[in-house]
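# A closer look at the structure
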Amino acid sequence: MAVKTDPSEEAEFPFLLIKFHLVSYGKEKAQTEAHFNRHNMMPSFYFKLPQWKWPIRGSARGIYTYLSADQTSTDQDSGESLLEKAGPCIGGKCCHRPFYRDARFLVAHFAIFSIYVFILLLVGHSAQNLRYHGLPYSPARGYITFQETSFSLEDRIQDHASPFTGKPSEEVDQAWHDLLNDENILLEPEYIRHYNREDSSVEVPEHGHYLGTLNVYHELHCLKRIRQYMYMDYYFPSISEHQKEINRLHNEHCIDFLRQSAMCHGDIGLITYSWHADQLMPIANATSHQCVDWNKLSHFTRSRSVDMMRPNWLRHPTKGVAYPDGEGDNIGAAESPHLDNGHGHGH
């Protein structure tokens, strides 16, 4: 004959089982702590952790609070104390603020966050210094990107190998003019102060900026002048002997400047040698070069270029207008009593 059970008793059984285990746990914990105390031993860290109260069956809201280790030990003989419904705090022992509202927790996390931000700033500053390591202090530093590049027609010796070579013509002259058209740029006062040249630098009439150029344009200027020197009759048909000597000294300066620039850049791209059936000696055979992204750099100069030869624009502090007719010196070197101590530029 089957035994009928009350459904309410079946529903009550799981809670009675939980109650039994919790009561057993409370007694075992109290006995263990008493053992440690009798032998002057440090209680386990586990028993110092907060112990959670469980709501009794039928509670209107599932509220859970936790008890301190001291409170748990005092209630060791009462299983009901572990199952009572969470109520208001009594003496501040049964109710605690959430840990994320604790002042010590907030201070600790603020300190960790501050250290984290400091490390990020330090790493970012170091990365920027590493990126600019070895580069001059210049507004163009942020526009320098190196890339591996192959030169066009590098291994061939021929006329008109590029738009910049060949015998004098309007097309070649125009190519060089366009290449150097953005040579002169505006500089902010901070760069002049960095090099301690406030007293000697040329300040433009407006904007509060100064006049300058990048070294790479000086190199290109020198190459243009040396090329023109190869065709003296075309580019300098009626200059005096004195002007010829100035022109020669200018080109000597350019040659040595280009020598220093080549050694400064130190292109480490390889050139190999190869044998050819119709040539006794080995022939040089280039591979690639380390180059800046010229399009990116020229975009920078174009964005701040200025025509320094604009008529009646620049004015010498004591001698008046520098370029009254908008033209520079045909020789391309400023004549001075000490030719080895100074020079000027012209297109």
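Small disclaimer: the values here were computed from a predicted structure and weren't measured. (Residues numbered from 1 in each chain as written. Predicted model: local features only at pLDDT ≥ 70, side-chain atom pairs only at ≥ 80, totals over all residues. Heavy atoms only, no water.)

On to the packing of aromatic side chains. Applying the stated rule across the entire model yields five aromatic pairs. Centre to centre, the rings of F164 and W176 are 5.4 Å apart; their planes meet at 75°, and the pair counts as edge-to-face. Separated by 12 residues along the polypeptide, F164 in the loop between β3 (146–149) and α6 (170–179) and W176 in helix α6 bring together distant segments of the chain. Assessed through its relative accessible area of 28%, F164 is described here as partly exposed. Ring centres of Y234 and Y235 lie 4.8 Å apart, and the angle between their planes is 80°; on these two criteria the pair is classed as edge-to-face. Its relative accessible area of 13% is what places Y235 among the buried residues. Directly above the aromatic system of W313 lies the positively charged group of R310, at a separation of 4.3 Å from the ring centroid. (Phe/Tyr/Trp six-rings, centres within 6.5 Å; stacked < 30°, edge-to-face > 60°. Helix = DSSP H or I, 4+ residues; strand = E, 2+ residues; numbered from the N terminus. Buried < 20%, exposed > 50% of the residue type's maximum accessible area, 1.4 Å probe, protein only. Lys NZ or Arg CZ within 6 Å of the ring centre and 35° of its normal.)

So, on to the pattern of salt bridges. Inspection of the entire model under this criterion finds six salt bridges. A salt bridge links E252 to R248, with the nearest nitrogen and oxygen atoms 3.5 Å apart. Residue E252 and its partner R248 are both found in helix α10 (residues 241–265); the two are separated by four residues, about one turn of the helix. Taking the relative accessible area as the measure of exposure, R248 reaches 32% and is therefore partly exposed. Through salt bridges that share partners, E245, R248 and E252 make up one connected network. (Salt bridge = Lys/Arg side-chain N within 4 Å of Asp/Glu carboxyl O.)

Before going further, it helps to spend a moment on the environment of R304. Assignment of secondary structure puts R304 in the loop between α11 (294–303) and β9 (315–316). C-alpha separation for the pair R304 and I185, spaced 119 residues apart in sequence, amounts to 5.3 Å. R304 has contacts with P139, N184, I185, L186, L187 and E188, leaving out every residue within four places of it along the chain. (Contact = heavy atoms within 4.5 Å.)

Among the residues of α6, those classed as buried are V172, A175 and W176. Buried residues in α6, looked at end-on, bunch into an arc of 95°, giving them a common side. Among the exposed residues of α6, those pointing more than 90 degrees away from its buried face are E170 and E171. Structurally, α6 contributes buried residues whose contacts are with α8 (215–229). (Arc of directions from axis to C-beta.)

A separate point is the pairing of strand β8 (residues 289–292). Burial of the side chains of β8 is restricted to one face: H289 and C291 are buried, whereas none of Q290 and V292 on the reverse face is. The pairing of β3 with β8 spans four bridges and is antiparallel. Looking at the pairing, F146 lines up with V292 of β8. (Pairing = 2+ DSSP bridges.)

So, about the state of the cysteines. Considering all chains together, one arrives at one disulfide under this definition. Here C222 pairs with C254 through a disulfide, and the sulfurs are 2.3 Å apart. Its S-S torsion of about -70° marks the bond between C222 and C254 as left-handed, since a negative value means left-handed. Of this pair, C222 sits in helix α8 while C254 sits in helix α10, and the two are 32 residues apart along the sequence. The two residues C222 and C254 agree in class, both being buried. (Disulfide = S-S within 2.5 Å.)

What follows concerns the side chain of R227. With respect to the element layout, R227 can be found in helix α8. Buried and unpaired, R227 has no salt bridge, with D173 as the nearest side chain of opposite charge at 4.0 Å. Separated by 3.1 Å, the side chain of R227 and the backbone oxygen of G166 make a polar contact. Among residues more than four places away in sequence, those in contact with R227 are F164, G166, K167, P168, V172, D173, W176 and Y235. (Lys, Arg positive; Asp, Glu negative; His and termini not counted. Polar contact = N/O pair within 3.5 Å; in protein donor to acceptor, adjacent residues only side chain to side chain.)

This part is about the nonpolar core. Counting 11 residues, the largest nonpolar core consists of A140, L180, I185, L187, I192, Y210, L214, Y217, L220, L297 and F300. Looking at this core, the elements with two or more residues in it are β4 (184–187), α8 and α11. Counting residues in each nonpolar core, the second largest holds nine residues, with L186, V204, L211 and L314 among its members. (Core = buried A, V, L, I, M, F, W, Y, C linked by side-chain atoms within 4.5 Å.)

A rise of 1.5 Å per residue sets the reference length of α10, with its 25 residues, at 36 Å; its end C-alpha atoms lie 36 Å apart and thus fit the reference within 8%. Looking at the buried side of α10, the elements it contacts are α8 and α9 (232–235). Where α10 terminates, the next one or two residues include G266, which has phi positive at roughly 55°. (Expected span 1.5 Å × (residues − 1).)

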